[in-house]
Amino acid sequence: MKKEPLLKASGITVSFYTIDGTSRVLNNVRLEINEGEVVGLVGETGSGKSVMAKLILGILPIPPARVISGEILFKGYDLLKASPDKREVLKEKMAYIPQDPTASLNPVFPIGTIFIDSIIWKQSGRSKSKFFLNRYIKKNRKEAAELAISLLKRVEIADPDKILYKYPFQLSGGMRQRVLLAMALIGSPELLIADEPTTALDVTIQKRILQLLQQKVKEENLSSLYITHDLGVARLLCDRIYVMYAGTIMESGDTKSLLENPYHPYTKGLIRAIPKLTGEDFDGIPGQAPNYLEFPPGCRFQARCLEKISLCARKEPELIEVEIGRFIACHHYQAR
Amino acid sequence: MNETKSLKMREGLVRNWLRFSKNYLAMAGLFFLILIAVLAILAPWIAPYPNDAKLGVNFQKALLPPSKDHIFGTDEAGRDIFSRLLFGARISLMLAVIVLGIAFSIGVPLGIIAGYYGGAVDQIIMRITDVFSSIPALVMAMAVCVLLKPSLENSMIAIALVWWRSFCRLAYGETLHLKQEEYVTVSRSLGASSFYIMFREILPNMTSSLLVKVTLDAGYAILVGTSISYLGAGASPPTPEWGIMVAEGRHYLPESWWASLFPGLAIFLTVLSFNLLGDGLRDFFDVKVE
Amino acid sequence: MYILKRLFYMIFVLIGVSILMFTLVRVIPGDPIALALGPHADKEDVERMRREMALDKTLPVQYWYFIQGVKSGRLGMSLIEKRDVMEVIKEKFPATLELVLVAIILSLILAIPLGVTSAIYRGGWWDQINRLIALFGVSFPHFWSGLMFQLIFGSLLALTPLTGRIGGTPPQYITGFFLLDSLITLNWNTFKDCFIHIIGPAIILSLGPLANITRLIRANMIDESSKDYIIVSKATGMSSLIIHYKYMLRNAFSSSLTTIGFLIPLMLGSAFVVEKVFAWPGMARFGADAIIANDFNGVVGVTLVICLAFVGINLVIDILHEVLDPRIKLKK
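## A few points about the packing of aromatic side chains
- Following the criterion strictly, the structure yields 25 aromatic pairs over all chains and no others.
- Summarising the aromatic geometry, the rings of tryptophan 163 of chain B and tyrosine 220 of chain B are spaced 5.5 Å apart at their centres and angled 50° between planes, so their arrangement reads as tilted. Of the two residues, tryptophan 163 of chain B is situated in helix H7 (residues 152-178) and tyrosine 220 of chain B in helix H10 (residues 207-231); the sequence distance between them amounts to 57 residues.
- On the accessibility criterion, tyrosine 220 of chain B (32% relative accessible area) is partly exposed.
- Geometrically, the ring pair formed by phenylalanine 268 of chain B and tryptophan 144 of chain C is stacked, given 5.9 Å between the ring centres and 25° between the ring planes. Of this pair, phenylalanine 268 of chain B sits in helix H12 (residues 258-289) while tryptophan 144 of chain C is found in helix H7 (residues 142-156), placing the two residues in two different chains.

## Considerations on a nonpolar patch on the surface
Residues and elements named next belong to chain B.
- A grouping of Met94, Val97, Ile98, Ile102, Ile106, Leu148, Ile157 and Leu161 is seen on the molecular surface, where their side chains present a nonpolar patch of about 630 Å² in accessible area.
- Counting residues per element, the ones that place at least two in the nonpolar patch are helix H4 (81-117) and H7.
- It is H4 that provides the largest number of residues to the nonpolar patch, a total of five residues.
- Within the secondary structure, valine 97 sits in helix H4.
- On the accessibility criterion, valine 97 (60% relative accessible area) is exposed.

## Thoughts on the nonpolar core
- Formed by 144 residues in total, the largest nonpolar core has its most connected members in Trp163 and Ile228 of chain B together with Phe272 of chain C.
- Of all the elements, H12 of chain B adds the most residues to this core, at 15 residues.
- Apart from the residues within four sequence positions on either side, isoleucine 228 of chain B is in contact with Leu138, Ala141, Met142, Cys145, Ser155, Ile159, Ala233 and Gly234 of chain B.
- In this structure, Ile12, Ala184, Ile227 and Leu258 of chain A belong to the second largest nonpolar core, which totals 120 residues.

## Regarding the sheet that holds strand S9 (residues 240-245) of chain A
Residues and elements named next belong to chain A.
- If you walk across this open sheet you meet the eight strands as S6-S7-S8-S3-S9-S10-S12-S11, and the pairing is mixed. Looking at strand neighbours, the two that pair on one side only are strand S6 (94-97) and strand S11 (320-323), the edges of this open sheet. Here the average twist between neighbouring strands, direction ignored, is 20°.
- Relative to strand S8 (residues 223-228), strand S3 (residues 38-42) runs parallel, the two being bridged by five bridges. The partner of valine 38 across the bridge, within S8, is serine 224.
- Strand contacts of helix H8 (residues 203-220): S3, S6, strand S7 (191-195) and S8, with the helix running at about 155° to S8, the strand carrying the most contacts.

## Concerning the environment of leucine 241 of chain C
- Note on placement: leucine 241 of chain C falls in helix H11 (residues 240-277).
- The class for leucine 241 of chain C is partly exposed, based on a relative accessible area of 30%.
- Look past the residues within four positions of leucine 241 of chain C in its chain and what remains in contact with it is Lys128 and Phe132 of chain A together with Lys246 of chain C.

## Observations concerning the pairing of S9 of chain A
Residues and elements named next belong to chain A.
- The buried fraction of S9 amounts to six of the six residues, a majority that puts the element mostly inside the structure.
- The sheet contact formed by S3 and S9 spans four bridges and is parallel. Pairing of leucine 41 across the sheet is with tyrosine 242, part of S9.
- Pairing geometry for S9 and strand S10 (residues 248-254), over six bridges, is antiparallel. In the sheet register, valine 243 faces S10, and the bridge partner there is glutamate 251.
- Linkage of S9 to S10, two consecutive antiparallel strands, is achieved through a turn of two residues, within which alanine 246 is found at a positive phi near 50°.

## Some details on unusual backbone geometry
- Even without glycine at this site, glutamate 156 of chain A takes up a positive phi of about 60°.
- Relative to the helices and strands, glutamate 156 of chain A is located in the loop between helix H5 (138-154) and helix H6 (160-163).
- The backbone of alanine 279 of chain C shows a phi angle near 50°, a positive value even though the residue is not glycine.
- Its place among the elements puts alanine 279 of chain C in the loop between H11 and helix H12 (283-292).
- Taking relative accessible area as the criterion, alanine 279 of chain C reaches 24% and is therefore assigned partly exposed.

The rules behind the values
Residues numbered from 1 in each chain as written. Chains lettered and ligands numbered in written order. Predicted model: local features only at pLDDT ≥ 70, side-chain atom pairs only at ≥ 80, totals over all residues. Heavy atoms only, no water. Phe/Tyr/Trp six-rings, centres within 6.5 Å; stacked < 30°, edge-to-face > 60°. Helix = DSSP H or I, 4+ residues; strand = E, 2+ residues; numbered from the N terminus. Buried < 20%, exposed > 50% of the residue type's maximum accessible area, 1.4 Å probe, protein only. Patch = residues over 30% accessible without salt bridge, like charges linked within 9 Å, V, L, I, M, F, W, Y side chains within 5 Å. Areas by Shrake-Rupley, 256 points an atom, 1.4 Å probe, with all protein chains shown as cover. Salt bridge = Lys/Arg side-chain N within 4 Å of Asp/Glu carboxyl O. Core = buried A, V, L, I, M, F, W, Y, C linked by side-chain atoms within 4.5 Å. Contact = heavy atoms within 4.5 Å. Pairing = 2+ DSSP bridges. Axes fitted to C-alpha atoms, helices over the stretch in contact; angles between N-to-C directions.

Given below as structure tokens:
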């Protein structure tokens, strides 16, 4: 019997209301993450992947954004309809690794302070009074510091005890990302959401961090949502991949079959666009990023699609399971 | 060609107005300001006792409480306070216009020049501004005013001389920021003269911040002006200036409270209106810039 | 190195201001001495005073005498107090300083929570009310709001005294700050007396800064809330109380410091009016009287002190910046 997925999002539609107009940034998105799985969300910049992540994490600014429809079931609770308190409790089971490690650490506090705050807060069971009591007892601080040091060791940082006293600007980019990874592991989360965590790093460091990520995910048996624009990285890390364009899921399936045998024209285009070491000419995908304010009816990819047919301009294709575990949103595959 | 351009401009204006008018506080400020300005302009015709503004003295009617005949009561010389307030509005509004006009004309060009040329010119102008800035406006204005001989006109000059420094600062900061913009580099490469760039390209781009500043400063200038008069360094009796009206009425507190209350209230409401409007303008331009 | 540069700059500004005010007060039309001594003064007395005050010499020479005087701690004779200005200032400055400090503390205590909560509940009714109150606060003419306070609390409700710094005997002189001194000497009655006298002018003086600081903190908090590290903290379920008051406020406050520092000289200016209204025996009231009476030594003296305060505050703010933001300290 198949277990219920850890995270199940369906029918998510989110709009942004700005002075210039309304833009629908998430269009009927459907996403599932099973326990122990690493799911990749792949798409260009501006495709809405970060919005989806922020929505799950509960940090999407609700005005100007607005959730038009959909539900996100996490451990049985609908995140979108849960009370703020319940949401906070659920947040504890999620971890977040953001894109830019430099901007993600408060520059005026030493690393240790943020760590200890986080650890003691979780230990105090989210009770403010307990927190204040515990925070200032030396024994608790010491214990928390030790926990922090052990977490830092797990992400392979040298001299973790010294790191606690340092400020973010005194660490290198790679070290900062490791620190963030260590902080993400506090409280044994069940779902890790990583938003392009290696984009801001040097290429040489990227690989190391990716390997670290892979390791930790396996060790801690974390389920993970990995957001990236880089298919190569997705292939390395992810068990399953969702391909997103213009806020819509175009294709999804397990990594191997999706990359070896892509069905959706966009996916095909993405794979073609990866430069190959054999020196062949590589194609891009024609056209530019869409204007979210004015979407013509029909499929959102039609303007740049090489396999467009007349139906594409009239009707938006549904996301249909064409094989087991393989979903496509394209008129070429609707009939099956 | 020109028709479509002016049509678009009008469209833009209408759209901006519609957006601006959603700010209720700002609209209230604007409304009150217009009201005060209208009252001030029409003062000689609508004041019930126009003579009281200058010389009309009638000691039999001294210190009457507010009534049907005298909406705000009379002061210690029997003059109708409401009429005097109307004329006082003329004085204060005129002060704001004159002071800001002079300060703007001196400060803004200096600031732009300092920011644009940089180097020695920058240092000289800005250091002088710094020296002037270390003294609070009220203090320096009072000192200058007394030096020139206390009078209403001199207080206006004094305040103007003190006010130019903050316009200079603002223009300087904005110029530093704006001269990095692309269109400046393009103009320069096309051979435009410095004067042209400074005043036809950089200056127009500061209008929003300058407009906000002028509005907010108008209120503050009125505060300083009336304070100077209150302390005795500005207008002198029998001028119906709001500041000295409060000072005069002070002697008759607390029984004849109306003599000080209403002039002060007038100052407060006028300054508040400027602040409401200025604050609304600031919000309006802020969003646009984002 | 940096501190040295700042000190140098300080001195430059001080000299500049002294020259400015010095020249200003001495190129007046009219005869201040005759005015000061009154219309019935003897012509000889006026001449004598003029010679004593070196007013018969040229301007640069006068300035030279002035600098010499400053070196030995004298700022010149005050026409209205009939003694050296330095003495007058030494005597009256603590009163003004105490008033300004109490006003600043008052505004900070209120402004920070108001600003933070306005930012958290941005757009809501609380925010709108605060915004309105802020706009009110900067619109009050101090002489009028002072008067109203005296009317309502002094006359009508008879809660506070109308004027003055203290009703009975002042406490033993330790710091010159009556509130502190009475606390240190455990003189509870005197403390109450001082408190009730200072609360009126302090409140009036604090209204403007309160408004400004509230809006400032609010704006800076809103800026902070979009910073990545705050978003990360929110995403990982950290307590919002801690996020707001520890993580966000630290930076928001540090960004506000410069502006807050500039508020103090502004307050000193407003103090001229407030001290007059409440008959507060401080330096600012002396300054106001000096200006009206053409007591140029008094004017120059008071202005220099204000300027000194201004420059000193800038220095203090720079130091505070270092303390609050470790990047500055460690990067040097």
